[in-house]
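Residue-level structure breakdown
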Amino acid sequence: MPTSSASTTDAAKPAASGGVQSLERAFDLLERMADAGGEVGLSELSASSGLPLPTIHRLMRTLVACGYVRQQPNRRYALGPRLIRLGESASRLLGTWARPYLARLVEETGETANMALLDGDEIVYVAQVPSKHSMRMFTEVGRRVLPHSTGVGKALLAHTPPEEVRALLARTGMPAATEKTITTPEGFLDALVAVREAGYAVDDNEQEIGVRCLAVPVPDSPTAAAISISGPAGRVTEAATEKIVPILQEVARDLSAALANTAGNGQG
């Protein structure tokens, strides 16, 4: 890895948190790149971060050398392929940490419990604990679906600005999985308003006929995550919903606290 006297000096500076300042800055730049869609110019990073251009250039040069960033032919910088392996491993760990909480959901609701993340424009399921009923729902871990037809998709996008939701829907399209799937941006935005008002999302036969799903976001998750239960519409009724939603919300809060505690355990 290339080094310079300047970068060595920068690395030696303690950060306000007690960590290494250059590391904190590098990760901050990576997150700003992700927020900007994965590709930015140095001047954009300087404007958003407040760091001087020479500092940013030095950090980006190191990230490029490590493979975490790549420089495009147009001289802009893009997130690099080595981040994919880190992200996939982190997603698997997140699913592993969530499993005891999903098991608790199954125990208390009787229905299959899932955890899903928003990965780009798609929903990816990262963990599941199946119901003990003989008739139960099963979603393969790793399966990807579009957000507009799922409860977890609605939960994850409920607080996203409407223009960003419209842009996402324009990129993915809104194909109908069933006759009850929402297929217009206006209809989906209305559904998101309902999610914000109710505090939970519903997939009512929209992904698969005969199946209802209830979902809530995991508050303050390190990456946007939601948990859900899914089951036959004959069991996940309106009456059952009133009992299940408070359990979902409580488990989501407990999972959030556990994830925050896990993050804190690494501090010396």
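The structure we're discussing is the one just above.
To keep things clear, this report deals only with the structure shown in the data block. Predicted model, so just to flag it, every value in this text is computed and none were measured.

A closer look at helix α3 (residues 42-49)
Buried within α3 are the following residues: Leu42, Leu45, Ser46 and Ser49. Looking straight down α3, one finds that the buried residues subtend no more than 100° of arc, so they occupy a single side. Residues Ser43 and Ala47 are exposed on α3 and point more than 90 degrees away from its buried face. Contact partners of the buried residues in α3: α2 (21-35), β1 (39-40), α4 (53-66) and β3 (77-79). Once α3 ends, the next one or two residues include Gly50, with phi positive near 80°.

Concerning the pattern of salt bridges
Here the idea is simple: oppositely charged side chains can pair when their charged atoms come close. Taken as a whole, this structure holds 16 salt bridges when the rule is applied. Salt-bridge contacts for Arg76 lead to Glu39; the nearest nitrogen and oxygen are separated by 3.3 Å. Here the residue Arg76 occupies a position in the loop between β2 (69-71) and β3, and Glu39 occupies one in strand β1, the gap between them amounting to 37 residues. Using a relative accessible area of 25% as the deciding quantity, one classes Arg76 as partly exposed. With a closest N to O distance of 3.3 Å, Arg104 and Glu108 form a salt bridge. Of this pair, Arg104 and Glu108 both sit in helix α5 (residues 82-109), four residues apart, which is roughly one turn of the helix. Given a relative accessible area of 23%, Arg104 falls into the partly exposed group. Exposure remark for Glu108: the relative accessible area of 43% places this residue in the partly exposed category. Beyond isolated ion pairs, a larger network of salt bridges with shared partners links Arg104, Glu108, Glu250 and Asp254.

Basis of the calculations
Residues numbered from 1 in each chain as written. Predicted model: local features only at pLDDT ≥ 70, side-chain atom pairs only at ≥ 80, totals over all residues. Heavy atoms only, no water. Buried < 20%, exposed > 50% of the residue type's maximum accessible area, 1.4 Å probe, protein only. Helix = DSSP H or I, 4+ residues; strand = E, 2+ residues; numbered from the N terminus. Arc of directions from axis to C-beta. Contact = heavy atoms within 4.5 Å. Salt bridge = Lys/Arg side-chain N within 4 Å of Asp/Glu carboxyl O.

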